[in-house]
Protein chains: 2
Amino acid sequence: MMHHALSVRNPRTGECDYTIHPPSLSELYALCSQLRSGQKEWQKRGVEHRIDVLQRWKKSAQRYRSVLEEALITDTGRKWETLLEVDLLFARIDRWCELGKEFFDKQDTKPSHLPFIEIRQDVQPYPLVGVISPWNFPLLLSLIDAIPALVAGCAVLVKPSEITPRFIKPLMQSVFDVPELASVLAYIEGAGETGEAMIQCVDLVCFTGSVATGKRVYTAAAQNFIPVFLELGGKDAALVFEGANLDYASSAILWGATANAGQSCLSIERIYVQSSIYEDFVKRIVKKAEALSLCYPDIHHGHIGPIISERQVSIINDHLRDAIEQGAQVLTGSIQCEQHGGGMWCRPTVLTCVHHGMKVMTEETFGPILPIMPFNTEDEALTLANSTIFGLSGAVFASTVEEAYRIGQKMECGAISLNDAALTAIVHEGEKQSLKCSGIGGTRMGVGAMRRFVRQRAFLAKIHDVPSPWWYNSTVPSM
Amino acid sequence: MMHHALSVRNPRTGECDYTIHPPSLSELYALCSQLRSGQKEWQKRGVEHRIDVLQRWKKSAQRYRSVLEEALITDTGRKWETLLEVDLLFARIDRWCELGKEFFDKQDTKPSHLPFIEIRQDVQPYPLVGVISPWNFPLLLSLIDAIPALVAGCAVLVKPSEITPRFIKPLMQSVFDVPELASVLAYIEGAGETGEAMIQCVDLVCFTGSVATGKRVYTAAAQNFIPVFLELGGKDAALVFEGANLDYASSAILWGATANAGQSCLSIERIYVQSSIYEDFVKRIVKKAEALSLCYPDIHHGHIGPIISERQVSIINDHLRDAIEQGAQVLTGSIQCEQHGGGMWCRPTVLTCVHHGMKVMTEETFGPILPIMPFNTEDEALTLANSTIFGLSGAVFASTVEEAYRIGQKMECGAISLNDAALTAIVHEGEKQSLKCSGIGGTRMGVGAMRRFVRQRAFLAKIHDVPSPWWYNSTVPSM
């Protein structure tokens, strides 16, 4: 049934105005077999060739930029984050090419530390990598694993979220302009069923999305006996200590919590503020939050876009309802998501009187919600921040960067912004891995991004002038 | 039921003369919680301290060497491979300590390539690593992942095979002499059920063993949402080309196929010889094979030990029966495993007239069986060698090392011995990963061995004299 057409909702109008066509199983198999066959040449031509092709594709994609942006804006209902997403992608392409050179330069023959053995090394890419990507940054997150895999010499099949699929066509047009790339990179439309079928056809799978789906992907990958790389949810905490620059901290946290309407894995979703500065901080952030407006009715004005996924609206509403029922105070924002013009919207919402018995403090909300709790001591702050199943990222604001670093080292998460918030949204550098339920597998950042997509081989030879066979004679009685 | 005592068979006498006592679930939980609590200090004290402790333990283990060897010899029924195994382990301890220093030296703060961001990095060990290890090299394979994990800062819980558990007691005595190590390294006795329970209690699992069990371990790890590293079976091929030194090749292949009675994942299990030298090669290897004798009745004399596991005897017999029924010729060796003094034995067995419709050419045999097939061209040789679900290692013999290297690069496996066989049995250097069904996850060799056991963290800070907040102002309309 997986190749039945699916309707796609428009996040600004609420109407289904687009249709996707998942491949049939036989179409999927045929595509995988084409990609596998293209991969042989792709690997053989070497990394310099692959970088050259990717650079040509970058130029082609630049030509399609306006239609690509238009499709992405329709997919997500928001504008400025889309422009930022496209900018970030183009900057990353060059960086991945640089990292690819660095990675392959390191793979030269190196002498063994043993005097009697020479070891040569090479790397073998996994022939076909599958990528299952989410709806919150549909373009960037569909390519953040795909491009390093391509640089490493793999072919890549991408299945973006069925919620935001409109960008696929203009993107693939830019790919078709570069036939060498089209032979090793393809996108398919489809939902969970198509993703499941894809896992059975590839040699390695990368998934970005929720913990619940990530666990299913992991089990499916294990059953198909292929490696898996999971980049999952977060419940990032920001800690604000006495001595921090409260004007800067409140702006940065507000940005970190409300950019893309909070629909980002590394969104700030919990704020802990030292008691002595709590009132001051809350006052500042409420004032700044109130100055933000919805990008409605005019998409070109305002700050906060719609909630993209209808299912996410239910989760946000559930978290808000649960918190309010348990006594949370809404100092500003939406008591529930608001309907405007058919789309669903949530204002930057500051909550106080919250505690860890509320979903809004323990589950991923993925909305522009800022629950704030006071703390007295550093130990208390760290206990609260680390009391979570997630371990993606976090933020510490203190009197100096050194002080923030000292405290940040006690946070159980993969990336920590010092005197700043959500820096990994923009800075895709620094090898890091998620802790706890936020992920499985090697780093997506730095040279490690390539390492995930290859297996190393070792070629061993005895050096000639060594008595031979050296171990043979010493261990086996003579024959 | 898992804590009921289990009887252990002696591979030389066939008698059950030893009993193991798997922990109850509550004993297992208590042990894990002790190890987790010991790990905090272990991580905090740093790599220099950990190396110092491991070196002290090495001295302690040297004092227990003779009882340890005695237990291992009883476990496995063989002597010279045990002495080699213990030698290899002691040499590796020093090397892992060196690699540990190298690994942690690389983790220093490094400047980001971005002008406006400083990135610091550190690594966080997985608190508790579980190791499930096999019976063929019971000591070495129980520590080959455990020691790098300890160096990296993890606590480690090891469950060796229930078939060869006698070495655990003397080994743990040597560990108890070094209390700092005893707080982070423990062994438990038990079979599959205990292994399954262990996977539910640890943060990462390493498994060495069969493909079938490896798949089960992978699925269990996925369900418990922890990373997994699998080192599984092989069906290693040796290719012998015209121009190779046949005297050396036949000795090296015989050693690679019969050491430890073939009970090694990287044993040579398939031999392909170019037609022009086929007769000559077969004649030589048969003559050398006939010169080998069973280490029976005297364990101190002879070359070939018993088949350690009763289950393996059935598999070897099944492969031999299947091959002979299909027309294989037994030029020398055992038509079925032979019973001597209660133990089960298999002589070095050379088979010709074999083909890929026989189990002995496609499934892992794990016995001293040498099936030999002729080939005409290099392409044919590579097609035969690569026609397997396994991708562990291989060997190429040609006129020169360069020629062997050229051909070896077309072999689909992780480690290739050039003009030699099974070098990875002795040389644990050169990062490599298995291909196909022979494994999942990062390299066990080189610095990569440590990398498997840590997650990297990144700490990001803006550099002060940059207009601040730089991205904030440029992307968000002013608030």
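Up top you'll find the structure we're talking about.
In short, a report on the structure. Only a predicted model underlies this, so the values are computations on that prediction, with no experimental measurement involved.

For the rest of this paragraph, the subject is the pairing of strand β1 (residues 6-9) of chain B. Residues and elements named next belong to chain B. Relative to strand β2 (residues 16-20), β1 runs antiparallel, the two sharing 4 bridges. Bridge assignment links Ser7 to a residue of β2, and that residue is Thr19. Connecting the antiparallel pair β1 and β2 is a turn made up of 6 residues, with Gly14 showing a positive phi of about 75 degrees.

This paragraph deals with the packing of aromatic side chains. As enumerated under the stated definition, the model contains 17 aromatic pairs over all chains in all. A centroid spacing of 5.1 Å and a plane angle of 85 degrees characterise the contact between Tyr405(A) and Phe459(B), whose relative ring orientation is edge-to-face. Taken together, the residues Tyr405(A) in helix α16 (residues 401-408) and Phe459(B) in strand β21 (residues 454-462) connect one chain to another. One exposure class covers both Tyr405(A) and Phe459(B), and it is buried. Residue placement shows Lys215(A) over the ring face of Phe225(B); its charged tip is 5.3 Å from the ring centre. The aromatic ring of Trp96(B) is capped on one face by Arg92(B), whose charged end is 5.4 Å from the ring centroid.

Further remarks concern helix α3 (residues 65-76) of chain A. Residue and element names in this part refer to chain A. In a regular helix each residue adds 1.5 Å, so 12 residues correspond to 16 Å; α3 covers 16 Å between its end C-alpha atoms and thus fits that length. Taken residue by residue, α3 has Arg65, Leu68, Glu69, Ala71, Leu72, Ile73, Asp75 and Thr76 as its buried positions. Elements that come into contact with the buried residues of α3 comprise α2 (46-63), α4 (80-105), α5 (138-143) and α7 (168-176). In the segment just after α3, Gly77 is the residue with positive phi, at about 75 degrees.

Before going further, it helps to examine the nonpolar core. Here is a general trend for soluble globular proteins: nonpolar side chains tend to be buried in one another's company. Core analysis: the biggest nonpolar cluster contains 186 residues, and Trp57(A), Leu181(A), Trp57(B) and Leu181(B) have the highest contact counts within it. Those residues in contact with Trp57(A) that lie beyond four places of it in its chain are Ile93(A), Leu143(A), Ile147(A), Leu171(A), Ser174(A), Val175(A), Val178(A) and Leu181(A).

One copy of the chain maps onto the second through a rotation around an axis plus a translation along that axis. With an axial shift of 0.0 Å and an RMSD of 0.0 Å, the rotation relating chain A to chain B amounts to 180 degrees. In symmetry terms, the pair is related by a two-fold rotation axis. Taken as a fraction of all interface residues of chain A, those also at the interface in chain B reach 100%, which identifies the copy contact as same-surface.

Scoring rules and cut-offs
- Residues numbered from 1 in each chain as written.
- Chains lettered and ligands numbered in written order.
- Predicted model: local features only at pLDDT ≥ 70, side-chain atom pairs only at ≥ 80, totals over all residues.
- Heavy atoms only, no water.
- Pairing = 2+ DSSP bridges.
- Helix = DSSP H or I, 4+ residues; strand = E, 2+ residues; numbered from the N terminus.
- Phe/Tyr/Trp six-rings, centres within 6.5 Å; stacked < 30°, edge-to-face > 60°.
- Buried < 20%, exposed > 50% of the residue type's maximum accessible area, 1.4 Å probe, protein only.
- Lys NZ or Arg CZ within 6 Å of the ring centre and 35° of its normal.
- Expected span 1.5 Å × (residues − 1).
- Contact = heavy atoms within 4.5 Å.
- Core = buried A, V, L, I, M, F, W, Y, C linked by side-chain atoms within 4.5 Å.
- Least-squares fit on C-alpha atoms with pLDDT ≥ 70 in both.

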